Amino acid sequence: MPLGLGRRKKASPLMEEEDGGERSALSVSQGGGMPGSSLSPVPPGLPPPAPALRPRLVFHAQLAHGSPTGRIEGFSNVKELYGKIAEAFHITAGDVMFCTLNTHRLDMEKLLGGQIGLEDFIFAHIRGQKKELEVYKSEDSLGLTITDNGAGYAFIKRIKEGSVIHRMQLISVGDMIEAINGKNLIGSRHFEVAKILKELPRGRNFTLKLCEPLKAFEMIAPRSGLGGVNSSMSPSGRGTLRLRSKGPPTVEELVSVIEEKAVKKVDDLLESYMGIRDSELAGTMVELGLDKQNPDDFSQALDRTLGDFAFPDEFVFDVWGAIGDAKAGRY
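As the structure is a computational prediction, the values presented were derived from the model and not from experiment.

Asker: If you had to explain the packing of helix α4 (residues 279-289) against helix α5 (residues 295-306) to someone new, which residues and values would you point to?
Answerer: Between α4 and α5, whose axes approach to 9 Å, the crossing angle comes to 135°. When the axis of α4 is compared with that of α5, the two are oblique. Helix-helix and strand crossings are classified by hand; for α4 and α5 the assignment is right-handed. Contact residues: α4 offers Leu281, Thr284, Met285, Leu288 and Gly289, while α5 offers Phe298, Ala301, Leu302, Thr305 and Leu306. Partitioning the contact of α4 with α5 into residue classes produces seven nonpolar, three polar and no charged.

Asker: Just give me the short version of the pairing of strand β9 (residues 176-180), but keep the residues and values in it.
Answerer: Consecutive side chains along a regular strand alternate between the two faces of the sheet. Counting buried positions over the five residues of β9 gives five, a clear majority of the element. Pairing geometry for β9 and strand β11 (residues 205-213), over four bridges, is antiparallel. When the sheet's bridge partners are listed, isoleucine 180 is paired in β11 with leucine 208. Pairing between β9 and strand β10 (residues 183-184): two bridges, direction antiparallel. Bridged to alanine 179 within β10 is asparagine 184.

Asker: How would you summarise the pairing of strand β8 (residues 154-159) if you had to cite specific residues and measurements?
Answerer: When you tally the buried positions in β8, you get five out of six residues, the bulk of the element. Pairing analysis gives five bridges linking strand β7 (residues 144-148) to β8, with the strands arranged antiparallel. Within the sheet, the bridge partner assigned to leucine 144 lies in β8 and is isoleucine 159. If you look at the hairpin formed by β7 and β8, you'll find five residues sitting between the two strands, and glycine 150 has a positive phi there, around 80°.

Asker: An account of the environment of threonine 147 is requested, with residue identities and associated values reported.
Answerer: Tracing the chain through its elements places threonine 147 in strand β7. A relative accessible area of 0% places threonine 147 in the buried class. Once the C-alpha coordinates of threonine 147 and valine 193 are considered, the two residues, 46 residues apart in sequence, prove to be 9.3 Å apart.

Asker: Which residues make up α4, and what are the values?
Answerer: Among all positions in α4, only Leu281, Ala282, Met285, Val286, Leu288 and Gly289 are buried. Around the axis of α4, the buried residues are gathered within 160° of arc, so they sit on the same side.

Reading the values: the criteria
Residues numbered from 1 in each chain as written. Predicted model: local features only at pLDDT ≥ 70, side-chain atom pairs only at ≥ 80, totals over all residues. Heavy atoms only, no water. Axes fitted to C-alpha atoms, helices over the stretch in contact; angles between N-to-C directions. Helix = DSSP H or I, 4+ residues; strand = E, 2+ residues; numbered from the N terminus. Parallel < 35°, antiparallel > 145°, perpendicular 65-115°, else oblique. Left-handed = near helix turned anticlockwise from the far one by under 90°. Contact = heavy atoms within 4.5 Å. Nonpolar A, V, L, I, M, F, W, Y, C, P; charged D, E, K, R; others polar. Buried < 20%, exposed > 50% of the residue type's maximum accessible area, 1.4 Å probe, protein only. Pairing = 2+ DSSP bridges. Arc of directions from axis to C-beta.

Listed below in structure tokens is the structure:
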């Protein structure tokens, strides 16, 4: 095998279906702009601007179940964003479960992830009713797709029709998974929760403690396996300001065709190997691989940055091949 990956820890693919959640590092799309927003590209080759000269970004937000509009600014990652939302609406940061862009509905295709357009309107979904249920695991797969908010909450993104969970009418898309069999899962990542669910023995009951997002009356409707309806609003422009958990924000050029094609291929591989689709995770992997000269360097970069996933060697090899194909123009 051409990869020098014998030293790497091998792991079986993630077994319970899952999906990557909101990242602690965000990128904000250029274009248009809400009133009060500003964005000026940094000339190539120059160091990042001093903190006082960095772009001041102002967004507008509401609580998804209904509220006045608030102004949100001064955040550099998802956790800080939730803190600013909490300040604006006089709630605690722990009340914020996740955010959707340009729709107050539980549309899982509109989850706030790693990119915010300057014209996007943020809707914050906050903690509502708690519920505890006994679930009988009659099949190996429960039919869940799990994501997380990047700040310690894992929740249900999709429910497969006809699955074990689909037959449980009290479980819905958007429900946060607080505990399984009494084990507190606040602070866990989506793949950790998925692994616990998969490892539960078949043919036995288990206890699931959930918290659903607070809903306005008009939002109460039959649940959807896809988690909502589409919105015609979308970010405009493709230049991005990446807000990182460490270091200053950086303005970057438009995403290249090479990167777009590579991200699509890697996302397909994630689905094939691990049962997830996560464009943000795929984008991170492509970013790590574009400047690497050999697969061993790429493998080591993955281990340093995404070691928690313990990707199997065969998957890493195929991802390296997909990135190489895109760089060579073999789309």
